[in-house]
Amino acid sequence: MEKKLLQINITANWGSHGRIAEEIGQLAMSQGWESHIAYGRWANPSQSQLYHIGSMWDERWHGLQSRLFDNHGLASKKATRKLLEEIKRISPNIIHLHNIHGYYLNYPLLFDYLAKSDLPVVWTLHDCWPITGHCAGFTYAPCEKWKFGCKECQHKETYPQSLFLSKSERNYVRKRQSFNSLDKLVIVPVSQWLADIVNESHLRNHSIKMIHNGIDLDKFRPAISRTNHLNDMKIVLGVCSVWEPRKGLKDFYLLRDLLDNSYQIVLIGLTNKQIKVLPSGIIGIERTNSLDELVQYYSTADVFVNPTYEDNFPTTNLEALACGTPVITYRTGGSPEAIDKQTGLVVDTGDVNSLAEGIQKLCNDPNQEERRILCRQRAVALFNKNDRYQEYLDLYNSLLKQ
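Thresholds, definitions, all that
- Residues numbered from 1 in each chain as written.
- Predicted model: local features only at pLDDT ≥ 70, side-chain atom pairs only at ≥ 80, totals over all residues.
- Heavy atoms only, no water.
- Helix = DSSP H or I, 4+ residues; strand = E, 2+ residues; numbered from the N terminus.
- Rg over C-alpha atoms; globule rule 2.2 N^0.38 Å.
- Buried < 20%, exposed > 50% of the residue type's maximum accessible area, 1.4 Å probe, protein only.
- Contact = heavy atoms within 4.5 Å.
- Lys, Arg positive; Asp, Glu negative; His and termini not counted.
- Charge placed at Lys NZ, Arg CZ, Asp CG, Glu CD.
- Core = buried A, V, L, I, M, F, W, Y, C linked by side-chain atoms within 4.5 Å.
- Patch = residues over 30% accessible without salt bridge, like charges linked within 9 Å, V, L, I, M, F, W, Y side chains within 5 Å.
- Areas by Shrake-Rupley, 256 points an atom, 1.4 Å probe, with all protein chains shown as cover.
- Salt bridge = Lys/Arg side-chain N within 4 Å of Asp/Glu carboxyl O.
- Phe/Tyr/Trp six-rings, centres within 6.5 Å; stacked < 30°, edge-to-face > 60°.
- Lys NZ or Arg CZ within 6 Å of the ring centre and 35° of its normal.
- Pairing = 2+ DSSP bridges.
- Right-handed = clockwise from strand over helix to strand, strands pointing away.
- Axes fitted to C-alpha atoms, helices over the stretch in contact; angles between N-to-C directions.
- Parallel < 35°, antiparallel > 145°, perpendicular 65-115°, else oblique.
- Left-handed = near helix turned anticlockwise from the far one by under 90°.
- Nonpolar A, V, L, I, M, F, W, Y, C, P; charged D, E, K, R; others polar.

S.K.: Can you lay out the overall build of the protein for me, pointing to particular residues and giving the numbers?
M.R.: What the protein contains, in helices and strands, is 13 helices and 13 strands. For 402 residues, the compact-globule formula gives about 21 Å, and the C-alpha radius of gyration of the protein, at 22 Å, lands near that figure. A principal-axis box enclosing the C-alpha atoms of the protein has dimensions of 65 × 50 × 35 Å. Buried residues in the protein amount to 56% of all 402 residues. In the protein, the share of contacts with a sequence separation of at least 24, taken over all contacts with a separation of at least 6, comes to 68%. Where the 46 positive side-chain charges of the protein centre and where its 44 negative ones centre are 6 Å apart.

Below, the structure written as structure tokens:
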């Protein structure tokens, strides 16, 4: 009998975790599974069978509930009840959760159903939202109230933003009750850093299995041509889907003043507004939908710089390595786990001077070509999506045998 997989995520084949769910579904189908993805907001064409949870109006109502009453994850009751009917129709053998926040799902209703159904559940944690009373990340703040119950949240303005009220203590209690109601739940953090965090959280009594993200190494590979159209300047590359303060955009401004004119900073993923106010000496490029163009930028760069102040396990690091480009990152979250001493450098978070020194060291390395080979080899050895996502299939099969 064909086994059925249902994944639930905010997106389907869109964004990093949406692509992860898509690729897990593809691998499952190649091994005889029927694959379904239920999603909340954005989707690209998928090889899995898609189900859209809720509507634009439901999303807006949920957003209003979050803004006014700090009720994130507690609205969308009608949409969630319809999802539960869809789950009954599909009758999956495994349910795999990803990001269940994002203004589209009522988690108490979902977990009440899952607890009663006794279905095996795998939950990939892409951020920290499940263990806090409000935020999806707490290292930028910084804050450790998640260890003690998230009382009197001082950061309600962060996603998911609440304009007036803070119900972080109530939210923490409700999450703890709902998320610990399942007997057959395996938590999958995508970095060792997050696994260590989960082991200190209210989820620590569940089975925890760390699985790093993977990427498509056939798509992300050194470009055949690494032509530099910038007069042979040393290219310092940054890539981000949304350049917000916690991603370190202003640190690139500081870097521009620390590096001489032989270095060119190129940033991909900026908005038009951000591009207009860039300091001279920084080239800004809007988000590109061309994978070939992105691979060319990665391959041409002398170094990829990720000055992130809050991250779990960013796939941009993996993409750079796969294209043969060394990575320099802050010692933030799981970001350093992508590299070793042969394939990049890790500096203290916020230490822009050390960042500049690291860039100069790597860009003037006489063994630069050998380092590029090692970067590619590390990506192939550790971050091949087929290897990493096979770990999920093995996990599914082991749960079904219990």
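S.K.: Give a description of the nonpolar core that names residues and reports values.
M.R.: Note on soluble globular proteins: their nonpolar side chains tend to be buried together. Core analysis: the biggest nonpolar cluster contains 45 residues, and Phe220, Leu237, Tyr298, Leu321, Tyr392 and Tyr396 have the highest contact counts within it. Contributing elements (two or more residues each) for this core: helix H1 (15-30), strand E6 (185-189), strand E8 (234-239), strand E9 (263-268), helix H9 (291-300), helix H10 (315-322), helix H12 (368-382) and helix H13 (385-401). Considering each element in turn, this core owes the most residues, 6 residues, to H13. Apart from the residues within four sequence positions on either side, Leu321 is in contact with Val327, Ala338, Ile339, Thr343, Cys375, Arg376, Ala379 and Phe383. Within the second largest apolar cluster, 43 residues are counted, among which are Ile53, Ala79, Trp123 and Phe138.

S.K.: Outline a nonpolar patch on the surface, listing residues and values.
M.R.: A surface patch of nonpolar side chains, amounting to about 380 Å² of accessible area, comprises Phe69, Leu163, Phe164 and Leu165. Checked against the element boundaries, Leu163 lands in the loop between strand E5 (121-125) and helix H5 (168-179). According to the relative accessible area criterion, Leu163 is partly exposed, its value standing at 43%.

S.K.: A description of the packing of aromatic side chains should follow, citing residues and the corresponding values.
M.R.: The geometry of two aromatic rings is summed up by the distance between their centres and the angle between their planes. Taken as a whole and judged by the stated rule, the model has 17 aromatic pairs. With centroids separated by 6.0 Å and ring planes inclined at 85°, the aromatic side chains of Tyr103 and Tyr159 adopt a geometry described as edge-to-face. Here Tyr103, found in the loop between strand E4 (94-97) and helix H4 (107-117), pairs with Tyr159, found in the loop between E5 and H5; they are 56 residues apart in sequence, far enough to count as distant. Of the residues examined, Tyr103 reaches a relative accessible area of 8% and is grouped as buried. With 4.8 Å between their ring centres and 50° between their planes, Phe111 and Phe179 make a pair best called tilted. Remark: Phe179 occurs in helix H5 and Phe111 occurs in helix H4; sequence separation between them is 68 residues. Site record: aromatic cluster; members linked through ring pairs are Tyr107, Phe111, Trp123, Trp129 and Phe179. Its end group placed over the ring of Trp57, Arg60 keeps NZ or CZ at 5.0 Å from the ring centre. Positioned above the aromatic ring of Trp129 is the side chain of Lys175, whose terminal nitrogen or guanidinium carbon lies 3.6 Å from the ring centre.

S.K.: Could you give an account of the environment of Asp292, with specific residues and numbers?
M.R.: With respect to the helices and strands, the residue Asp292 is situated in helix H9. Sequence separation between Asp292 and Ala223 is 69 residues; the distance between their C-alpha atoms is 8.5 Å.

S.K.: So what about the pairing of E9? Which residues, and what values?
M.R.: Here is the key point about a regular strand: its side chains alternate between the two faces of the sheet. Burial of E9 is extensive: 6 of the 6 residues sit out of reach of the surface. Burial along E9 is two-sided: Tyr263, Ile265 and Leu267 facing one way and Gln264, Val266 and Ile268 facing the other are all buried. Pairing analysis gives 6 bridges linking E8 to E9, with the strands arranged parallel. Bridging from a neighbouring strand, Val236 pairs with Ile265 of E9. The handedness of the E8 to E9 crossover, carried by helix H7 (residues 249-258), is right-handed. Pairing geometry for E9 and strand E10 (residues 282-285), over 4 bridges, is parallel. Each residue of the ladder has a partner; that of Val266, found in E10, is Ile283.

S.K.: Can you explain the packing of H7 against helix H11 (residues 352-363)? Please cite residues and give values.
M.R.: Look at H7 against H11: their axes get within 10 Å of each other, and the N-to-C directions meet at 60°. The angle between H7 and H11 falls in the class oblique. Relative to H11, H7 is oriented so that their crossing is right-handed. When H7 is examined against H11, the residues Asp251, Leu254, Leu255 and Leu258 are found in contact with a partner set consisting of Val352, Asn353, Leu355, Ala356, Ile359 and Gln360. Split by residue class, the contact of H7 with H11 holds 7 nonpolar, 2 polar and 1 charged.

S.K.: Please give an account of the pattern of salt bridges that cites residues and values.
M.R.: Under the criterion given, the structure shown has 18 salt bridges. Note that Glu144 is salt-bridged to Lys147, the shortest N-O span being 3.5 Å. Judged by relative accessible area, which is 49%, Glu144 ranks as partly exposed. On the accessibility criterion, Lys147 (29% relative accessible area) is partly exposed.

S.K.: Can you explain the packing of H4 against H5? Please cite residues and give values.
M.R.: Running from amino to carboxyl end, H4 crosses H5 at an angle of 20°, the nearest separation of the two axes being 9 Å. When the axes of H4 and H5 are compared, the pair comes out roughly parallel. Crossing geometry of H4 relative to H5 is assigned as left-handed. Listed contacts from H5 to Tyr107, Pro108 and Phe111 of H4 are Asn171, Arg174, Lys175, Ser178 and Phe179. Per-class residue counts for the contact of H4 with H5 are 4 nonpolar, 2 polar and 2 charged.

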